[in-house]
Each structure stands twice: as C-alpha cells, then as structure tokens.
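Chain residues, written in single-letter form:
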Amino acid sequence: MSSIKKFQVTFDCAEPERLARFWCEVLGYVVPPPEEFATWDEFTRSLPPEEQDAWFVCTDPSGAGPRLYFQRVPEGKAAKNRLHLDVRVGTGIVGEERLAALEAECARLVPLGAVRGQLLLADGVNESCLTMQDVEGNEFCLD
C-alpha cells in the first residue's frame, strides 16, 4: 500500500490574488513569503509584464491542509464546477445548532464577496449544508 501524498488544489481564475485572498479569509490560510524577495510586490516587478499577477498561492499555516494555487486563465467560468470545496463549519453538530453555525459563517463570508446559495436541510441521511459561490462564481458548500 502506498503512502498518502501531499497535494495542492489549483483554481483556474481571472484574478489570482483576489481569489487567493478570499480563500485565505475563508479558511484561515496565509500568503507565504516569496522566495528570494523581500515582498510580493518586489517579486511581481521582477517578472515580465505578461507574467505579472498570473498566479498566487496561499497555505495552511499549520501545514496540515493542502496548498492552494490560483492561476490566471483567459477563459471565464462556463459551467458548474466538477469539483468543489466543502468548508466544514458544522462538523459534529446537528439540528438548529448546525443551522446557526452555517448561517453565522455565511454572514461572515458574504461581506467578503461570497454569494449565498441554497440551504439544503437535513433529510435523515445527510445533515444540512449551505451552497455558496466565491468571488469568481466557483461553487462551494458550508457543511
């Protein structure tokens, strides 16, 4: 049996830094310092114009979660995501307490640019969750 590998989640997007900073706020991630440069602005200025602002990164400060990589692409989002993130804010809680946790997190994220989607109520098999979209329209769930 092979060992578990570290992995990175890559987002195709229009504005890498904006989307990365949104996800930093959602997940408590941080922007790592640039290698060999004092600041990200200094690093960006060192690149040819066509490569400036083409990508951005954020990481879990504990090192447990995956690195998130955001890369600029020319095409816009055309359809529903085939993969999405579930932000686990209600783990271990049920009923009204879970709904309150989902609503509280939604209220925190909407001012950051998230868009509220549909509240899916518990059905006896699955617990309640709340669908949302990030600042570029990518779907994610509060779970």
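So, here's what we can say about the structure. (Residues numbered from 1 in each chain as written. Predicted model: local features only at pLDDT ≥ 70, side-chain atom pairs only at ≥ 80, totals over all residues. Heavy atoms only, no water.)

The topology assignment puts Cys106 in helix H3 (residues 95-109). When its relative accessible area of 4% is taken as the criterion, Cys106 is described as buried. In this structure the C-alpha to C-alpha distance between Cys106 and Glu15, which are 91 residues apart in sequence, comes to 22 Å. Excluding its chain neighbours within four sequence positions, the residues that come into contact with Cys106 are Arg116, Leu130, Met132 and Leu142. (Helix = DSSP H or I, 4+ residues; strand = E, 2+ residues; numbered from the N terminus. Buried < 20%, exposed > 50% of the residue type's maximum accessible area, 1.4 Å probe, protein only. Contact = heavy atoms within 4.5 Å.)

Backbone hydrogen bonds are what pair the strands of a sheet, in a parallel or an antiparallel way. Taking strand neighbours across the sheet as the criterion, the three strands line up as E1-E3-E2 in an open arrangement whose pairing is mixed. Among the strands making up the open sheet, the edge pair consists of strand E1 (8-13) and strand E2 (55-58). Pairwise comparison of adjacent strand axes, ignoring direction, gives a mean angle of 20° for this sheet. The strands touched by helix H1 (residues 16-27) are E1, E2 and strand E3 (67-72); relative to E3, the strand with the most contacts, the crossing angle is about 155°. (Pairing = 2+ DSSP bridges. Axes fitted to C-alpha atoms, helices over the stretch in contact; angles between N-to-C directions.)

Our next topic: the environment of Thr59. Mapped onto the fold, Thr59 is located in the loop between E2 and E3. Put simply, Thr59 and Ala20 are 39 residues apart on the chain and 9.7 Å apart in space, counted from C-alpha to C-alpha. Not counting residues up to four positions away in its chain, the partners in contact with Thr59 are Tyr29, Val30, Pro32 and Arg67.

A separate point is H1. Here H1 is twelve residues long and its end C-alpha atoms lie 16 Å apart, about the 16 Å a rise of 1.5 Å per residue gives. Taken as a whole, H1 has its buried residues at Pro16, Leu19, Ala20, Phe22, Trp23, Cys24 and Val26. Summarising the contacts, the buried residues of H1 are in contact with E1, E2, E3, strand E4 (85-87), H3 and strand E7 (139-142). Positive phi shows up at Gly28, right after H1, with a value of about 75°. (Expected span 1.5 Å × (residues − 1).)

So, about the packing of aromatic side chains. In the structure shown here, the tally under the stated rule is eleven aromatic pairs. Note on Trp55 and Tyr69: the rings are 6.0 Å apart at their centroids and 15° apart in plane angle, and the pair reads as stacked. Of this pair, Trp55 sits in strand E2 while Tyr69 sits in strand E3, and the two are 14 residues apart along the sequence. A network of ring pairs unites the aromatic residues Phe37, Trp40, Phe43, Trp55, Phe56 and Tyr69 as a single cluster. (Phe/Tyr/Trp six-rings, centres within 6.5 Å; stacked < 30°, edge-to-face > 60°.)

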